[in-house]
Amino acid sequence: SALGTARPTVGLPASAMGHGAVPSAGPRAASSMPTIIAVLQKGGALYAAGRFKEAGDAARFVLSLAPNQPDALHLLGLVSQAQGQPAEAEKLIAMAIKAARPNPNLLVNLGKARAALGKTAAALSSYRSALNLDPLYVDALEARSELLFGEGRFDEALADIDELIRIRPAEI
């Protein structure tokens, strides 16, 4: 899949999330941070289970309460990518990065959306930015090596694979 190891970044571990429907927006919902966190956790679990429409609904619900909530923007971007809409994914994940501090996970997922759009230089820039934040970020090295390999840039791809082997020899 084009998402590979893409994962939404939410405030609390998915194990803390309960099961149930996405709550409807009520007058007190906008001020309820626990509601937003719970919905984001539920959305992340739905995304991980491949239930993209429902995950998107959860993200849109949060965005109805907090229009620039970065985790909801990121989740909706991942859903867009999974549904074959990389341009929308690129836009949403870029918005998430602007709404929060960039982190390697966001940057790798932005790179994957850009790669799906054929924007190789922009994708490589995203992966490079992720690695500048965390030089040992395996997802960035994996994504970059796959893109470089697909571009026929074998020496560069092999350098990333060598780095992956150095970092995590048991996993390669």
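Please refer to the structure placed before this passage.
Residues numbered from 1 in each chain as written. Predicted model: local features only at pLDDT ≥ 70, side-chain atom pairs only at ≥ 80, totals over all residues. Heavy atoms only, no water.

Caption draft 1: Structural detail: the overall build of the protein chain. A tally of regular secondary structure across the protein chain gives eight helices and zero strands. For the protein chain, buried positions account for 43% of its 172 residues. Taking all contacts inside the protein chain whose residues are at least 6 apart in sequence as the whole, residues at least 24 apart take part in 55%. By element, 57% of the accessible surface of the protein chain is carried by carbon and sulfur atoms, the whole surface being about 9000 Å². (Helix = DSSP H or I, 4+ residues; strand = E, 2+ residues; numbered from the N terminus. Buried < 20%, exposed > 50% of the residue type's maximum accessible area, 1.4 Å probe, protein only. Contact = heavy atoms within 4.5 Å. Areas by Shrake-Rupley, 256 points an atom, 1.4 Å probe, with all protein chains shown as cover.)

Caption draft 2: Molecular detail of the packing of helix H3 (residues 70–82) against helix H5 (residues 104–116). Where H3 meets H5, the axes come as close as 11 Å, and the angle between the chain directions of the two elements is 30°. Between H3 and H5, the angle falls in the class roughly parallel. With respect to the hand of their crossing, H3 and H5 are arranged in left-handed fashion. Contacts from His74, Leu78 and Gln81 in H3 reach Asn105, Leu106, Asn109, Lys112, Ala113 and Ala116 in H5. Taken together, the residues of the contact of H3 with H5 break down into four nonpolar, four polar and one charged. (Axes fitted to C-alpha atoms, helices over the stretch in contact; angles between N-to-C directions. Parallel < 35°, antiparallel > 145°, perpendicular 65-115°, else oblique. Left-handed = near helix turned anticlockwise from the far one by under 90°. Nonpolar A, V, L, I, M, F, W, Y, C, P; charged D, E, K, R; others polar.)

Caption draft 3: The environment of Lys53, seen in detail. Mapped onto the secondary structure, Lys53 falls in helix H2 (residues 52–65). A relative accessible area of 58% places Lys53 in the exposed class. Remark: the alpha-carbon pair of Lys53 and Ser80, spanning 27 residues in sequence, is separated by 9.5 Å.

Caption draft 4: Main features of the packing of aromatic side chains. Going through the model one piece at a time under the given rule, you end up with two aromatic pairs. Ring centres of Tyr47 and Phe52 lie 5.5 Å apart, and the angle between their planes is 55°; on these two criteria the pair is classed as tilted. Classification of Tyr47 by relative accessible area gives buried; the value is 7%. For Phe52, a relative accessible area of 25% translates into the label partly exposed. (Phe/Tyr/Trp six-rings, centres within 6.5 Å; stacked < 30°, edge-to-face > 60°.)

Caption draft 5: Fine view of H2. Taking 1.5 Å as the rise per residue, H2 with 14 residues should run 20 Å; its terminal C-alpha atoms sit 20 Å apart, in good agreement. Every buried residue belonging to H2 is among Ala55, Gly56, Ala58, Ala59, Phe61, Val62, Leu63 and Leu65, and all of these are buried. Here the buried face of H2 lies against helix H1 (33–48) and H3. (Expected span 1.5 Å × (residues − 1).)

Caption draft 6: Local environment of the nonpolar core. Ranked by internal contacts, the top residues of the largest apolar core, which has 40 residues, are Tyr47, Val62, Ile97, Val108, Tyr127 and Ala140. Those residues in contact with Val108 that sit more than four places away from it in its chain are Tyr127, Ala130, Tyr137, Asp139, Ala140 and Ala143. (Core = buried A, V, L, I, M, F, W, Y, C linked by side-chain atoms within 4.5 Å.)

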